[in-house]
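Understanding the architecture of this molecule
So you can see what is in the structure, the chains are spelled out below.
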Amino acid sequence: MKIYFHLDFETLTNCYLVVNEETKKAFIIDPCKISNVLIKQIEDGNYDLQAVLITHKHEKHYRGLKTLQKIYDFSVFAADNELASNQNILKGDGSKKIADLNVEYFSLPGHSSDSIVYKIGSVLFTGDVIFAGSLGSSSCAYTKKYMANGIKSKLFTLNDDSVIMPGHGPMTSVGAEKQFNLELSGF
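Counting starts from 1 at the beginning of each chain's written sequence and moves along it residue by residue. Only residues with pLDDT of at least 70 are given local features in this predicted model, and only at 80 or more are side-chain atom pairs given and counted; all residues enter the totals for whole chains, interfaces and linings. Note: side-chain values were computed over all heavy atoms of the structure, leaving out hydrogens and water.

**What about helix H1 (residues 36–44)?**
- Residue burial is assigned from relative accessible area. The probe radius is 1.4 Å, only protein chains are included, and a residue is buried under 20% of its type maximum, exposed over 50%, and partly exposed in between. Strands here are runs of E lasting at least two residues and helices are runs of H or I lasting at least four, both read from the DSSP assignment and numbered beginning at the N terminus. Residues of H1 that are buried: Leu38, Ile39 and Ile42. With its buried residues spanning 95° around the axis, H1 presents them on a single face. Facing away from the buried side of H1, by more than 90 degrees, are the exposed residues Asn36, Val37, Lys40 and Asp44.
- The contact rule is simple, with two residues in contact once any of their heavy atoms fall within 4.5 Å. Buried positions along H1 lie against strand E1 (2–8), strand E2 (13–19), strand E3 (25–29) and helix H3 (65–71).
- Backbone geometry just downstream of H1 places Asn46 in the positive-phi region, at approximately 55°. What the arc covers is the set of directions going from the helix axis to the C-beta atoms.

Written out as structure tokens, the structure is:
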């Protein structure tokens, strides 16, 4: 597996192109902005774009979706009914084979009701659930605590070396967040 990082400088939102190097099949996580660089990367790599995975329904994380749909034919996976087609709505926790890669997903509401974390190998794509040193925003203290408990029970049980690729900011690891994320210490 190879992961390409793209940053939308306008919204400071992260986008990831994930490629199965053996099959050349690929998918995008949170298509915030579709740049010429991203399209060129897909085309020059001769990648077959199979899917788009959306971590949550906040427009800046999927605003490039319509552009991609004009260029490629792919499936959309999300917890939101409007974004995902009926067979690709993700509820609860589970796994799917996407681009010949095993993609696990965890429902982690709190930042939004449809927040999902994707796990591929030892890499977590967390959207706005957790960042390096902080948690995603939430509407009240109850939802923040609910999200923090979900992070502890679903993500912090994973190997400390598991890499966290957030929706904004730099990557981090489960071990670093266990030790240094001060927002979690209050829960």
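Still to come is the rest of the account.
**Brief notes about the pattern of salt bridges**
- Salt bridge, as applied in this entry: a Lys or Arg side-chain nitrogen positioned within 4 Å of an Asp or Glu carboxyl oxygen. Applying the stated criterion to the full structure yields 11 salt bridges.
- Here Arg63 and Asp8 are joined by a salt bridge, their closest N and O atoms 2.6 Å apart. Separated by 55 residues along the polypeptide, Arg63 in the loop between helix H2 (59–62) and H3 and Asp8 in strand E1 bring together distant segments of the chain.
- Residue Arg63 is classed as partly exposed on the basis of its relative accessible area, which comes to 28%.
- Judged by relative accessible area, which is 2%, Asp8 ranks as buried.
- Between Lys40 and Asp44 there is a salt bridge; the shortest N-O distance is 2.5 Å.

**Let's talk about the packing of aromatic side chains**
- What counts as a ring pair is set by centres within 6.5 Å for rings of Phe, Tyr and Trp (its six-membered ring), and what kind of pair is set by the plane angle: stacked under 30 degrees, edge-to-face over 60, tilted for all other angles. For the coordinates displayed, the defined rule picks out 4 aromatic pairs.
- A ring pair is formed by Phe5 and Tyr16, whose centres lie 5.9 Å apart and whose planes are at 50°; its orientation type is tilted. With Phe5 in strand E1 and Tyr16 in strand E2, the pair connects residues that are 11 residues apart, well separated along the chain.
- Taking the relative accessible area as the measure of exposure, Tyr16 reaches 3% and is therefore buried.

**Remarks on the sheet that holds strand E7 (residues 101–107)**
- Here the rule is simple: two strands pair whenever DSSP picks up at least two bridges between them. On the basis of which strands lie adjacent, the open sheet formed by 6 strands has the order E6-E7-E8-E9-E12-E13 and mixed pairing. Whereas interior strands pair on both sides, the edge strands pair on one side only; in this sheet they are strand E6 (94–98) and strand E13 (172–173).
- Alignment of strand E12 (residues 163–166) against E13, held across 2 bridges, turns out to be antiparallel. What sits directly across from Val163, in E13, is Ser173.
- Strand contacts of helix H4 (residues 141–155): E7, strand E8 (116–120) and strand E9 (123–127), with the helix running at about 145° to E7, the strand carrying the most contacts. Angles here are taken between N-to-C directions and fall from 0 to 180 degrees, while the axes themselves are lines fitted to C-alpha atoms, restricted in helices to the stretch in contact.

**Overview of H4**
- Take the residue count of a helix, subtract one, and multiply by 1.5 Å to get its expected span. For H4, spanning 15 residues, the distance from its first C-alpha to its last is 20 Å, which sits close to the expected 21 Å at 1.5 Å a residue.
- Every buried residue of H4 is accounted for by Thr143, Lys144, Met147, Ala148, Gly150, Ile151 and Leu155. Looking straight down H4, one finds that the buried residues subtend no more than 160° of arc, so they occupy a single side. Of the residues in H4, the exposed ones pointing more than 90 degrees away from the buried face are Ala141 and Tyr142.

**What about unusual backbone geometry?**
- Although it is not a glycine, Asp30 adopts a positive phi angle of roughly 55°.
- Inspection of the secondary structure assignment puts Asp30 in the loop between E3 and H1.

**Let's talk about the nonpolar core**
- Leu17, Ile28, Ile54, Leu68 and Phe74 are the most contacted members of the largest nonpolar core, which has 24 residues in total.
- Residue assignment for this core shows that the elements contributing at least two residues are E2, E3, H1, strand E4 (48–53) and H3.
- Not counting residues within four places of it along the chain, the set of residues in contact with Ile28 comprises Cys15, Tyr16, Leu17, Leu38, Ile42, Leu49, Ala51, Val52, Leu53 and Leu68.
- Buried Ala, Val, Leu, Ile, Met, Phe, Trp, Tyr and Cys residues that are joined via side-chain atoms within 4.5 Å together make up what is termed a nonpolar core. Ranked by size, the runner-up nonpolar core spans 20 residues in total, among them Leu90, Ile120, Phe125 and Met165.

**As for the environment of Lys70**
- With respect to the secondary-structure elements, Lys70 resides in helix H3.
- Each C-alpha atom of the pair Lys70 and Lys33 lies 14 Å from the other, and the pair is 37 residues apart in sequence.

**Observations concerning the side chain of Asn88**
- With respect to the helices and strands, the residue Asn88 is situated in the loop between strand E5 (75–77) and E6.
- Asn88 gets classed as buried once you look at its relative accessible area, which sits at 6%.
- Residue contacts for Asn88: discarding those within four places in its chain leaves Ser75, Val76, Phe77 and Ala78.

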